[in-house]
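Now for the letters of each chain:
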Amino acid sequence: MTRNKLRLAIVGAGPAGIYAADILLKAERNFDVSIDLFDHLPAPYGLVRYGVAPDHPRIKGIITALREVLDRGDIRIFGNVKFGEDITLEDLKKHYNAVIFATGAVKDASLNIPGAELEGSFGAAEFVSWFDGHPDFPRTWPLDAKEVAVIGNGNVALDVSRILAKHVEDLMSTEIPANVAAGLAASPVTDVHVFGRRGPTSVKFTPLELRELGELRDVDMIVYDEDFDYDDAARAAVAGNKQVFVIDKVLNQWRQREVGQASRRLHLHFFAKPIEIVDDGTGKVGAIRWERTAPDGEGGVVGTGEIRELPVQAVYRAVGYFGSPLSGIPFDKKFGVIPNHEGQVLIRDKESGEPRQMYGVYATGWIKRGPVGLIGHTKSDAMETIKHVINDLGNWWTPESPSEESVVEMLESRGIRWTDLDGWHRLDEHEQALGSAEGRVRVKVVPRDEMVDISRGDAA
Ligand SMILES: Cc1cc2nc3c(=O)[nH]c(=O)nc-3n(C[C@H](O)[C@H](O)[C@H](O)COP(=O)(O)OP(=O)(O)OC[C@H]3O[C@@H](n4cnc5c(N)ncnc54)[C@H](O)[C@@H]3O)c2cc1C
């Protein structure tokens, strides 16, 4: 089949979706391309806007590079449009030759220990969404705990711990919304305890993020000598891996520090496997119970049977993110991803039961590969997916209404208040103006309706 134009829909305007569009537009190909980028949120950039912590302006700065791609003007944006509610796979088949899903992951992976459902037990993803001003999360957060546990040994656990332990004055130069500043200012927290079931040489923190904790004003870093009795496997990890070497160095520096003067403390507990969140008798979190583990000699750990308990009034479960299923699209319930081969979506054949390519449907980013890895990884992901989109030209869909106007007509006929690139510029300028009035770079607008009104120029 010969084609001279690809009408492509990309669902998800996070880094994966934007990189995919950019890579396709720049790729060597013998057909024209016209791309529409849909996102459920009224503003683009996915987790760079709504996941990366507000006190990481250097990472948030990646938005500048993503923005340059959008500002070229060769990609149309339709924000505030949810796939599965506002538009369906059938709609996309009617208007496009193919679709790439780049819908990422926003939910918490579940932690199956007793008490995980108690009042005061929170998923880290929900807390992150709150402090990053995601429009679909509550405006208030119950920050009434003095002692808090954070379960997990990855960077999200560090983000959550840092935001909990940091004094709000030290966040006021960032873009945190007013409701978040007010919530954090009222927090009575004194101790944040981070739990990891493995040893210090097996953590998933990156050195930069770990080191940053030690620089927090009026926060003591507390590490425990009993966790540093390394076995051969741990010693080999320190000697053979630069990242582990730096992490070990940072932790050992903290062991030498004098503590006791700060009003807040951040404790790192290793070889500590949480086994229960304990009810205080009223249905609320009262304590965390964990089993002490020990190295198994092969880089893993085994339980020792020694059970310990610490009073806490809140628990944050930072054990990973998980993708969400999309209507009409295959979903791997175990890994929370769309099943795929290098980005080509796979569907189980009804007759043979074997997986086969679902023509015209692709995936990229966290929904393709799972919620691990940095923003930069979504670029290589997108390259792989785009290679197949180009090569699969003979298998693309044949849409009945491929014109660009027909999509706008469809959205209008459904009364969808979508936002476009000009709208994003309006919201962006509005947020920056709110920020400059307070001597800050930006203050985020949180309510969805307000974001949409400002974007569409409908604000009073
Ligand atoms: C708390 C946290 C902190 C992080 N910090 C860093 C960091 O410091 N440095 C770093 O490099 N990486 C960091 N990351 C990782 C980084 O955010 C991811 O690698 C990256 O965002 C994944 O990109 P993505 O485009 O696949 O998904 P996302 O960024 O999640 O984008 C997916 C987009 O799809 C949209 N969408 C979802 N469902 C639908 C639907 N049904 N219809 C329409 N649109 C939909 C969403 O609204 C979203 O905009 C962090 C991640 C988290 C969770």
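About the cut-offs
Residues numbered from 1 in each chain as written. Predicted model: local features only at pLDDT ≥ 70, side-chain atom pairs only at ≥ 80, totals over all residues. Pairing = 2+ DSSP bridges. Helix = DSSP H or I, 4+ residues; strand = E, 2+ residues; numbered from the N terminus. Buried ≥ 20, exposed ≤ 12 C-beta atoms within 10 Å, placed from the backbone. Contact = placed C-beta atoms within 7 Å. UniProt positions renumbered as here; feature names shortened; annotations may be inferred. Near = placed C-beta within 6 Å. Nonpolar A, V, L, I, M, F, W, Y, C, P; charged D, E, K, R; others polar.

1. Quick look at the sheet that holds strand 16 (residues 340–341)
Logical step 1: Strand order in the open sheet made by the seven strands is 3-2-1-4-18-17-16, with mixed pairing throughout. Each end of this open sheet is capped by a strand with a single partner; those strands are strand 3 (75–78) and strand 16.

2. Things to note about helix 16 (residues 448–455)
Logical step 1: Taken together, the buried positions of helix 16 are M451, V452, D453, I454 and S455.
Logical step 2: Here the buried face of helix 16 lies against helix 15 (421–436).
Logical step 3: One or two steps after helix 16, the chain reaches G457, where phi turns positive at roughly 70°.

3. Looking at the UniProt feature "binding site: FAD" (unreviewed entry) in the chain
Logical step 1: Using the residue numbers shown here, the UniProt feature "binding site: FAD" (unreviewed entry) corresponds to A16, L47, W366, G373, L374 and I375. With the annotated positions falling across 360 residues, the maximum pairwise C-alpha distance of 12.4 Å places them together in a single cluster.
Logical step 2: Counting through the fold element by element, W366 comes out in helix 12 (residues 366–369).
Logical step 3: Assessed through the 29 C-beta atoms surrounding it within 10 Å, W366 is described here as buried.
Logical step 4: The residues contacting W366, other than those within four sequence positions of it, are A16, G104, A105, G323 and P371.
Logical step 5: Each residue touching I375, except ones within four places of it in the same chain, is listed here: P15, V48 and I62.

4. A few points about the site of the ligand
Logical step 1: Taken together, 35 residues sit near the ligand, with G12, G14, G46, G104 and G365 positioned nearest.
Logical step 2: When grouped by side-chain class, the residues that make up the shell around the ligand number 19 nonpolar, 13 polar and three charged.

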